[in-house]
Structure formats: C-alpha cells, structure tokens
Amino acid sequence: MASHKLRPEDLRSHRWFGGGDLSSQGHRSRALQMGYGREDFTSKPVIAIINTWSDLLPCHAHFRTRAEEVKRGVWQSGGFPVELPVMAVSETFQKPTSMMYRNFLAMETEEMLRSHPIDGAVLMGGCDKTTPGLVMGATSMGLPFIYLPAGPMLRGNWKGEQLGSGTDRWKYWAELRAGRITEDDWREVEEGIARSYGHCMVMGTASTMTSAVETLGLTLPGAASIPAADSSHPRMATATGRRIVEMVWEDLRPAAMLTPQAFDNAIKVVHALSGSTNALIHLVAMAGRAGVKLDWDHFDKLSEQVPVLANLRPAGQYLMEDFYYAGGLRALLKEIESLLDTKCMTVNGKTLGENIATAKVNNTDVIRSREKALSQTGGLAVLRGNLAPDGAVIKPLAAEARLLKHTGPAVVFKDYPDLRARIDSDDLKVDENSVLVMQNAGPLGAPGMPEWGQLPIPKKLLQKGIRDMVRISDARMSGTSYGTCVLHVTPEAHVGGPLALVKDGDLIELDVAARKLELKVGPEELAKRKAAWKPRPPHYTRGYGKVFSDHVTQANKGCDFDFLHAGAPTPDPDTHH
Ligand code: FES
C-alpha cells in the first residue's frame, strides 16, 4: 500500500468514533445499531459516496448499482463506505431550469461532508449541473475526493441512422415544423434517441464537464469517456472506491490538483473538444471555489493556441461511444500534450503526463491530428462590444460560416413567453438577414438562465429552407445545440444591461473573427433609452428562489452565490453533542 501520511487517530472521523467521551460512545452505538461490527469502522477512513440518484434523473439510473460497486472497492481497501444522497439535479425534468439548483447541490455537498464524520468522498454525477455542483461543494470542503462520472449513454438509433442527444432532437423538430418528416417519424425518433442509462452522448455540457474534470485530475484516468453501459464502467467505480481510501491516508486533497495550470489544461481541452458554452460559466465558478481567478478573456486567449480535434456532434460528426473506441479523452490529451502542463497532479497520485504516457488514437477521423483539425483555433469565442460590455459567448463551429460576420436588423422579443407567442406568426416582420434578439432570459431575468438561447427559426423561414440565423440572448444554450447563437450576454437585460435597450429594426453587427458584438445605435440615444428603462419586479420574495435572486452573480462571474466564493475556511463543527 502507498505510504501513509496519516495515522488512524489523525482521521477526521476519529473525532466522532475514537474518543472516550459520551458523544463518541453515542456515535459508536448508533453505528452498531445499523448492524455494523466494530471492525467495520474502527480506525478506518470513512468514505462518503455522494450519490445524485433519483427516479427522475434518467442519466443516473445506474447509480444505485454503481454506489454498491464503489462500496466494494472501499471495503477492499480497508475503508468504511457510507452512502449520502444529495439533490439529483435533473436536466430534463427540473424547472424553471436545472441551473437554479447547481448552487443548491454545491451547498448540500459541502455541508453533508462537513457535518458528518467523513474523511474522503466519491462524488457521483454526470448530468450537466451535477458535475460542477458536486465539485464546487467538495472543493470548498477541501477533503480528499474522486469524481465518478456517470458515462455517456449508448448511441441513439432511428432506422439505422445514429441519433445524438439533443442535437438530433432539435434537427428533427425543425424538420417536423418544416413538414419534411411525419408525426410517426417523430415518435420513432422519440423512442430511439435515448437507449440506455448514462448522460447525453454528444459533446454537450455533460461530456464537456466530465472531460474537464478528468483533465483537472479529479477522476481516475480515462474515466470520463467510458460509456455508462460498458462493463468497464462498474470496474472503474470499484477502482475509484479502492483509490479514495488510499488518498485519505496520503492526505491528497483537491488543492493539490486544482492549480491555475490545471484549469488552463481544462480550458484547452474544452476548446479541443469544441465543448459546451456552459463550460465558461461552470469552470469560472469551480475555479472561484479553489481560489483561482479565471475570466472569459483568458478562455479566449487560450483558444488561439488550441485546434479542435474532436469530431463530435454538435460541432462534428460522431458520438461519445465512437470517441471511447477511438481512444477517449486520454488519446485526445496525448494529441495536445505539447500544449498542456503535464506535471499537474491527479487523484491517482501520478501526473497528467504519466497518465497519458501510453495513450494513443485508434481512429484518426474521430480524434483528428492537428493537420486535419476541424478548426485550427479553439471551439469557443468570447465577444465584446457595446451590446455586451462584460462579454458574450459563441461556438463558431456550431454556426453556419456565412453568419460569423453579419450585420442585420433586430427582431426583439421581450422575454421567452413573447418569443413563443410570436415566433411562428405570419405577421412577424422577419427575413433571413434579421437578427433575433431575446431579452430577460439571464440569471435573474428568466430566472436561472435557462437553455433557451437556441432561439427557434421562424416557421415561415424554415419552410423557405433557412436553417440558421444570428440569434442573441442573455440565456444559455444546451451543449447539444447548434446555430449562430450569441449567448450569456452580460450584463443581462433584467439588470439593465444594453440588451434591454435594443428595439426592433436596430442594426446589430456580429464579427466573430474580430470578437465584436455591436449595437449600431449612438450613445445619446442609448442613454435616453436607459433613462426610460424600468426594472421588472423580482421573481421571488421568499424561499430558495429569494436566496438565489439575492446572491447569484452574473454569467461572467460563474453564477455562483457571492457568499460561496473562496474565502476564509469554514470551521469544522465540534463533536461534543
Ligand atoms: Fe442528463 Fe443531458 S439530460 S446529461
């Protein structure tokens, strides 16, 4: 076994189980009450298995079994596993948007670890917000942890054609609205697009964030790419259980992994994957918990060095299962090794460089070489201008190239209900050169910054064959979506950002190469509109929604709560009662 830094009496859980006082006697008697023998828990690291399972989170449907497989590894390594359920933030089912609950999960994770006799943790997540939420909370707590990614689901299938989560749903929704497929076809797509447990299997937010977290050194090597239904996945879960016990003895804490260099590596990987735009929000929030300062300009700067090598939907052609067979994330990391800081530490006690030493690409169409890259620069771009003084984001590879430099008149929707009510109306004054603008869909405006940013193309243009237009909002967009969608416009309309001042017919200039987003309206006119602008009432006056509204930061700050950023450590509880 690896060298031990800690003795049994140094374990955090020893304060609960090891003493001769009244409260320790109570803790031991209650462990015995559950049927454990003293040999099960005495002088052993207590490992929390933080489980985001629920009956309404299909991406994590295998987590009850996986938790048992983690426990097997913990027992094998001489630890004491305890399963602690936390909020299963469900991308599919939770409204108004799962983003409202990422910080809730982060707080719950942190406090579950802090308030219980825990020495180390395995974090079980994968569906979009669960990865950043779990990592943010566990980072703030600071105990040794390993992240266990849910793994992507199997490829979708419709009449032999491969379907990608989300991406092909949007595609065939447009085809249905354009009258090119039937209701029966649409129902068959519904039945074939999600064929197993596991998270979305395109390079959407789930795959982007699990890949980023593996690059940060927080999973066992190769873990993020294993399909959920592959037998390698439970074996990885058991290995994770074995390893976390050793990490506790070694006192290998997240601070050893979460350095500025590791975040740079993660950002570069997100670019090489042409990953989800959501990564710009989540990585800023995660870095904030680790005391690492990240801003969007840094993302943009790093994008200049990094080619897009992953030929995965929505930017490319293939799905996560193909990526796994092609060598997975380790192979992609090997391809961009010269751009990475390979000395960064990882949870298995080895460096990133050591972990990828033997990795290789098995399919050069799925994981491209630099010479055959999908793009020579990174997959995400940060825009600025008088319409987005604090930034906005676009995924250029998901857009039609002809629209990356475009000026057109605005067609403004004041919020999402307004968009839904009018987008398909015959009277809507819109053509293919118009720029669709949606206001009040940001962190406070919507609320929760939902994934509404892929504004639908008006039906009458769909019927003319138009499939992409410039669309601008302060919303996010699903990582599975595509189109010329300018997202995360900051500050948002709800707080009086310039987006709130746009009117029908105003010219808007988008120039992605120049990183420009300009509203062609003079400063005096904008000042006049600002003076006449009236804020909308808040969405919540009580409950969690009120906490969210009072404390959520804008998108460029990661949408974390202001009081959860790194600061002085929170004291551990006393155990006298
Ligand atoms: Fe769970 Fe997409 S719905 S990852």
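Residues numbered from 1 in each chain as written. Predicted model: local features only at pLDDT ≥ 70, side-chain atom pairs only at ≥ 80, totals over all residues. Heavy atoms only, no water.

Q: Would you mind going over the overall build of the chain with me for this structure?
A: Secondary structure assignment for the chain yields 21 helices and 14 strands. Principal-axis analysis of the C-alpha atoms gives the chain an extent of 75 × 55 × 45 Å. By the burial criterion, 61% of the 577 residues in the chain qualify as buried. Restricting to contacts in the chain with at least 6 residues of sequence separation, those with at least 24 account for 76%. Roughly 22000 Å² of accessible area belongs to the chain as shown, and the carbon and sulfur atoms make up 52% of that amount. (Helix = DSSP H or I, 4+ residues; strand = E, 2+ residues; numbered from the N terminus. Buried < 20%, exposed > 50% of the residue type's maximum accessible area, 1.4 Å probe, protein only. Contact = heavy atoms within 4.5 Å. Areas by Shrake-Rupley, 256 points an atom, 1.4 Å probe, with all protein chains shown as cover.)

Q: Help me understand the packing of aromatic side chains, please; the structure alone is not making it clear to me.
A: The final tally for this structure, using the stated rule, is 16 aromatic pairs. Centroid distance Tyr101 to Tyr544: 5.4 Å. Interplanar angle 20 degrees. Geometry classified as stacked. Residue Tyr101 is located in the loop between β2 (80-85) and α5 (102-115), and its partner Tyr544 is located in helix α21 (residues 543-551); the two are separated by 443 residues in the primary sequence. Among the residues examined, Tyr544 registers a relative accessible area of 19% and is labelled buried. On the numbers, 5.3 Å between centres and 75 degrees between planes, the contact of Trp158 with Tyr172 is edge-to-face. Of this pair, Trp158 sits in strand β5 (residues 156-158) while Tyr172 sits in helix α7 (residues 167-177), and the two are 14 residues apart along the sequence. Both residues of the pair, Trp158 and Tyr172, count as buried. (Phe/Tyr/Trp six-rings, centres within 6.5 Å; stacked < 30°, edge-to-face > 60°.)

Q: Whenever I open this one, the packing of helix α9 (residues 205-215) against helix α16 (residues 328-335) confuses me. Can you help?
A: Axes are the key here: two packed helices are described by the angle between their axes and the distance separating the axes. Following both chains from N to C, one finds α9 and α16 inclined at 65 degrees, their axes separated by 11 Å at the closest point. Pair α9 / α16 crosses with right-handed handedness. Facing Ser211, Glu214 and Thr215 of α9, the residues of α16 in contact are Leu329, Arg330 and Leu333. Considered class by class, the residues forming the contact of α9 with α16 number two nonpolar, two polar and two charged. (Axes fitted to C-alpha atoms, helices over the stretch in contact; angles between N-to-C directions. Left-handed = near helix turned anticlockwise from the far one by under 90°. Nonpolar A, V, L, I, M, F, W, Y, C, P; charged D, E, K, R; others polar.)

Q: Would you mind going over the sheet that holds strand β1 (residues 46-51) with me for this structure?
A: The pairing of strands in a sheet comes from backbone hydrogen bonds and takes either a parallel or an antiparallel form. One open sheet holds the four strands; their spatial order is β2-β1-β3-β4, and the pairing between them is parallel. Two strands lie at the open edges of the sheet, namely β2 and β4 (145-149), each paired on one side alone. Here the average twist between neighbouring strands, direction ignored, is 20 degrees. Of the strand pairs in this sheet, strand β3 (residues 120-125) and β4 are connected by five bridges, and their pairing is parallel. Residue pairing in the sheet places Ala121 in a bridge with Phe145 of β4. (Pairing = 2+ DSSP bridges.)

So far we have only geometry, and geometry alone does not tell us how the molecule works.
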